[in-house]
Amino acid sequence: MNTTKKGKIFVFSAPSGAGKTTILNCLRDTIPNLVYSISATTRKPRQGEVHGVHYFFYSVDEFKTRIEQNEFAEWALVHGNYYGTPKSFIDATIAQGLHIVMDIDVFGKKNFDKSYPEAIGILILPPSMEVLEKRLRGRGTDDEATIQKRLTNAITEMNFAKAEGKYEYTVINNDLKIAETETASIITGTISN
Ligand code: 5GP
């Protein structure tokens, strides 16, 4: 009989620009024993992004084949691109007693909960829409149309998370250092239980 205690699953969601990626990068440095799930997507790689490290970058056809082959624990269309979470990796990781961190949009998270109801949801929110817009423009990675789309989507996503999401924790990213500390203590506190 396998007596290894299963690892915990932490799912992070946030409207883009809320600072989730920065917080996740900080967690990588402060809590070394976490495993990061690598999602699949059909969006084009941003500068510096590497296939198999940041995402698995697939064509739409490849992605759809993988949906048919039942490879994803959940998938969703986010900002016009497909994103999905490969299932085999999660199962193998938690079976070894390792804790996994995932980044899933609010709609995908709801589907994910059907397969993994024990997952712990952490919602990262910006302090205001004004701050969110400033951050999206400041990172200089997206064109104007994309920024507008992400801002409109942010409102829809935050409303959905409030009404239908299952998030055990909400972290407001006003001051990055405080948000990072808060997030790290949520994780260390949960792991030690
Ligand atoms: P970005 O393109 O900026 O890396 O991510 C855009 C959005 O896609 C984010 O809201 C992020 O949470 C979401 N996302 C990333 N990976 C996945 C995934 O595996 N599944 C789902 N449903 N959303 C994801």
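Read on for a plain summary of the structure. (Residues numbered from 1 in each chain as written. Predicted model: local features only at pLDDT ≥ 70, side-chain atom pairs only at ≥ 80, totals over all residues. Heavy atoms only, no water.)

What follows covers the site of the ligand. Taken together, 17 residues surround the ligand, and among them Arg43, Tyr55, Tyr83, Asp103 and Asp105 come closest. Side-chain polar atom of tyrosine 83 to an oxygen atom of the ligand: 2.4 Å apart, as the coordinates give it. Elements that contribute at least two residues to the shell around the ligand include exactly strand S5 (72–78) and strand S6 (81–86). Its residues assigned to classes, the shell around the ligand comprises 6 nonpolar, 4 polar and 7 charged. (Near = heavy atom within 4 Å. Polar contact = N/O pair within 3.5 Å; in protein donor to acceptor, adjacent residues only side chain to side chain. Helix = DSSP H or I, 4+ residues; strand = E, 2+ residues; numbered from the N terminus. Nonpolar A, V, L, I, M, F, W, Y, C, P; charged D, E, K, R; others polar.)

With that settled, consider the packing of helix H1 (residues 20–30) against helix H7 (residues 176–191). Look at H1 against H7: their axes get within 10 Å of each other, and the N-to-C directions meet at 55°. As summarised for this structure, H1 and H7 are arranged oblique, according to the angle between their axes. Regarding H1 and H7, the two cross each other, and that crossing is right-handed. Here Thr22, Ile23, Cys26, Leu27 and Thr30 of H1 come into contact with H7, specifically with Leu176, Ala179, Glu180, Thr183, Ala184 and Ile187. Among the residues forming the contact of H1 with H7, the class breakdown is 7 nonpolar, 3 polar and 1 charged. (Axes fitted to C-alpha atoms, helices over the stretch in contact; angles between N-to-C directions. Parallel < 35°, antiparallel > 145°, perpendicular 65-115°, else oblique. Left-handed = near helix turned anticlockwise from the far one by under 90°. Contact = heavy atoms within 4.5 Å.)

For the rest of this paragraph, the subject is the nonpolar core. The nonpolar side chains of a soluble globular protein tend to be buried, and buried together. Formed by 19 residues in total, the largest nonpolar core has its most connected members in Phe10, Phe12, Leu27, Val101, Ile122, Ile124 and Ile187. Elements represented by at least two residues in this core include exactly strand S1 (9–13), H1, strand S2 (34–36), strand S8 (120–125) and H7. Ranked by the residues each element gives to this core, the list is headed by H7, at 4 residues. Grouped together as the second largest cluster of nonpolar side chains are 11 residues, Ile90, Ile94, Ile100 and Phe112 included. (Core = buried A, V, L, I, M, F, W, Y, C linked by side-chain atoms within 4.5 Å. Buried < 20%, exposed > 50% of the residue type's maximum accessible area, 1.4 Å probe, protein only.)

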